[in-house]
Amino acid sequence: MQERAARTLERLSEFYAAPAAPLGGDPAERALELFREVATAVPAYAAFLAGHGVDPAAVRTAGDFARLPMVTKESYLRRFPLPERCRGGRLDVNDTVAVSSGSSGQPTVWPRSVVDELAVVRRFEDALVNGFGSGASSTLVVVCFALGSWVGGMYTAAACRHLAAKGYPVTVATPGNSVEEILRVVAELAPRYERTVLAGYPPFVKNVVDEGVRRGVDWPAFGVRMLLAGEVFSEEWRDLLGRRAGMGEPDRGSASLYGTADAGVLGNETPLSVRVRRFLAGRPELARELFGDSRLPTLVQYDPMTRFFETHEGTLLFTGDGGVPLIRYHIADEGGLLAHAELVAFCRAHGFEPGDGDDRPFVYVFGRSLFTVSYFGANVYPENVTVALEHPDIADDVTGKFVLQVRTEADEERRLAVVVERAPDRPAPDTALVAAAIRQALLRLNSEFANYVPPTYQTPVVELRAPGDPEWFPPGVKHRYSRA
């Protein structure tokens, strides 16, 4: 007990004494050090390596590390009991747990300690202090994420309390994802601060701002900033919210966090990354050249000493410490890595000067690759929709094929849409019945959906298409159940 307390005190003292800055050292060597420690201290990982015929003592170089087997949910998290994935095989060495919802609604539990939070807090510190100027301006952070065991709200609250304890003029309020309570908190407290930061999922924060505008809230008077996570959004969306909330400089008015329940926040938008992304948004041909895709990803900077990224066939892996340490964890996000010098040189070669910023590397993220879509920060899985289409009143009239989308409608509103293939020689099912069945299945099976998505946005837009529709259900082609 005393050893644990001493370690916690030491790490907290280091954090409170130092400003937000990348840690020095060799990232590859740091990843190797963590590997050696985890291979010895974590029973599940030792067994995982043995099952793959890996002798930890033989892993000496960065090349050896890169040949280690990837850790996945299937091969590791679902194979070994939770305590065995913790140091010493003990769950009680951790302070708390967060959960993320799986495709069946069965949550994955992620333990963590106060010490584990500090790498995440540094990303909040970078966004709030270096991005929003909260080191010099009194700042009210309003947590608009769902609270409870869900990772976003509690992590944000904990991080902001650490920043306040460090001496920054930051106060955190936790109304959660209730528009009424958020607006009540803003009306009461925002006039007493120079900055008000709305922290939440992009479409929900938009709901808050729009409802505030309808009620006559003077957002520009509150120096509003936005700390966002969970979804990729367009620069048009950033501009629209900037106008409605009275935010001036786009590169310092909002910042997106790249985070997961698995490891907290992995990276954050910086003024530099936002300026680069806005340049690329206006030059889609350059974005395609750089990212290899017509979609514009989230672009963040990260600290490779605490989150060591690699790529595998167009997807991301990371190594990072935590309550459940993860070595070469395949997070299943589509994306890639760019060195700072590489990206800055690319911009300058095409006539854009991105300006100053720290020299951390960049990671770009399109989102989950396994057919999911992200809606109000909840991962919506095809398996949930499949259950709804198997309802006795629906199953005979559809083939079971469908496509999930999150569509941007008028006024930048986001809506969950499901395009469904009709069964041959059958009457068209009632779209209202299909939509209600999907909503019911999502609420029953997907705990993130039930907790994150506001009730007025839970019923999807359902569109029916003929069998073999060439645009949505071309015959002879492997079907994809989601579309960007």
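As the structure is a computational prediction, the values presented were derived from the model and not from experiment. Each residue is numbered by its place in its chain's sequence as written, counting from 1. Per-residue local features of the predicted model are confined to residues with pLDDT of at least 70, and side-chain atom pairs are confined, for both listing and counting, to 80 or more; whole-chain, interface and lining totals are unaffected and use all residues. The side-chain quantities take in all heavy atoms of the structure and omit both hydrogens and water.

S.K.: Can you walk me through the environment of Leu 443 in this structure?
M.R.: Only runs of H or I of at least four residues qualify as helices and only runs of E of at least two qualify as strands under DSSP, and these elements are numbered from the N terminus. Counting through the fold element by element, Leu 443 comes out in helix H16 (residues 431–445). Once the C-alpha coordinates of Leu 443 and Pro 202 are considered, the two residues, 241 residues apart in sequence, prove to be 21 Å apart. Contact partners of Leu 443, with chain neighbours within four places excluded, come to Phe 449, Ala 450 and Gln 458. It only takes one pair of heavy atoms within 4.5 Å for two residues to be counted as in contact.

S.K.: So what exactly am I meant to see when it comes to the state of the cysteines here?
M.R.: Two cysteine sulfur atoms form a disulfide, by the criterion used here, when they sit within 2.5 Å. Under the definition given, this model contains 0 disulfides. The closest cysteine sulfur to the non-disulfide-bonded Cys 144 is located on Cys 160, 11 Å from its own sulfur. The class of Cys 144 is buried, set by a relative accessible area of 1%. Using a 1.4 Å probe on the protein chains alone, a residue whose accessible area is under 20% of its type maximum counts as buried, one over 50% counts as exposed, and one in between counts as partly exposed.

S.K.: Quick question: what am I supposed to make of the environment of Arg 244 here?
M.R.: When you line up the elements, Arg 244 lands in helix H10 (residues 235–245). Other than its neighbours up to four places away in sequence, Arg 244 contacts Lys 206, Val 209, Asp 210, Val 213, Trp 219 and Asp 411. Contacts described as polar in this section are N or O atom pairs within 3.5 Å, which, within protein, must combine one atom able to donate a hydrogen with one able to accept it, while residues neighboring in sequence count only if both atoms come from side chains. A polar contact is formed between the side chain of Arg 244 and the side chain of Asp 210, at a distance of 2.8 Å.

S.K.: Sorry if this is basic, but what is going on with the nonpolar core here?
M.R.: It is characteristic of soluble globular proteins that their nonpolar side chains tend to be buried jointly. Throughout this description, the term nonpolar core refers to a set of buried Ala, Val, Leu, Ile, Met, Phe, Trp, Tyr and Cys residues connected via side-chain atoms within 4.5 Å. In terms of nonpolar packing, the biggest core is built from 123 residues, with Tyr 45, Leu 198 and Trp 219 touching the most fellow members. Counting residues per element, this core draws most heavily on helix H6 (residues 114–131), at 7 residues. Not counting residues up to four positions away in its chain, the partners in contact with Trp 219 are Leu 183, Val 186, Leu 198, Val 208, Val 209, Gly 212, Val 213, Val 224, Arg 244 and Ala 245. One finds Leu 280, Leu 290, Phe 291 and Leu 343 within the second-largest nonpolar core, a separate group that totals 16 residues.

S.K.: Would you mind showing me how to read helix H9 (residues 202–214) here?
M.R.: An α-helix turns once per 3.6 residues; consequently, residues spaced three or four apart project the same way. Between its terminal C-alpha atoms H9 stretches 18 Å, which fits the 18 Å expected from 13 residues at 1.5 Å a residue. The buried count for H9 comes to 11 of 13 residues, which makes it a mostly enclosed element. One or two steps after H9, the chain reaches Gly 216, where phi turns positive at roughly 85°. One fewer than the residue count of a helix, multiplied by 1.5 Å, yields its expected span.

S.K.: Help me understand the packing of helix H15 (residues 382–389) against H16, please; the structure alone is not making it clear to me.
M.R.: Two packed helices can be described by the angle between their axes and the distance between those axes. Between N-to-C directions, angles span 0 to 180 degrees; the directions come from axes that are lines fitted to C-alpha atoms, helices contributing only their stretch in contact. Packing of H15 against H16 brings their axes to within 8 Å, and their N-to-C directions diverge by 130°. Classed by the angle they form, the pair H15 and H16 counts as oblique. As H15 packs across H16, the resulting crossing turns out to be right-handed. Contact with H15, carried on its side by Asn 384, Val 385, Val 387, Ala 388 and Leu 389, involves Val 434, Ala 437, Ile 438, Ala 441, Leu 442, Arg 444 and Leu 445 of H16 and no other residues of that element. Nonpolar residues are Ala, Val, Leu, Ile, Met, Phe, Trp, Tyr, Cys and Pro. Charged residues are Asp, Glu, Lys and Arg, and all others, Gly as well, are polar. The residue makeup of the contact of H15 with H16, split by class, is 10 nonpolar, 1 polar and 1 charged. By the definition adopted for this analysis, an angle is roughly parallel if under 35 degrees, roughly antiparallel if over 145, roughly perpendicular if from 65 to 115, and oblique otherwise. For a crossing to be left-handed, the near helix must be turned anticlockwise from the far one by less than a right angle; the clockwise case is right-handed.

S.K.: Help me understand the pairing of strand S12 (residues 326–338), please; the structure alone is not making it clear to me.
M.R.: Each regular strand shows side chains that alternate between the opposite faces of the sheet. A large share of S12 lies buried, amounting to 10 of its 13 residues. Bridge analysis of strand S11 (residues 315–320) against S12 gives 4 bridges, and the strand direction is antiparallel. Paired with Gly 320 across the strands is Leu 326, a residue of S12. With antiparallel pairing between neighbouring strands as the criterion, S11 and S12 make up a hairpin whose turn holds 5 residues. DSSP bridges decide pairing: two strands pair if at least two such bridges lie between them.

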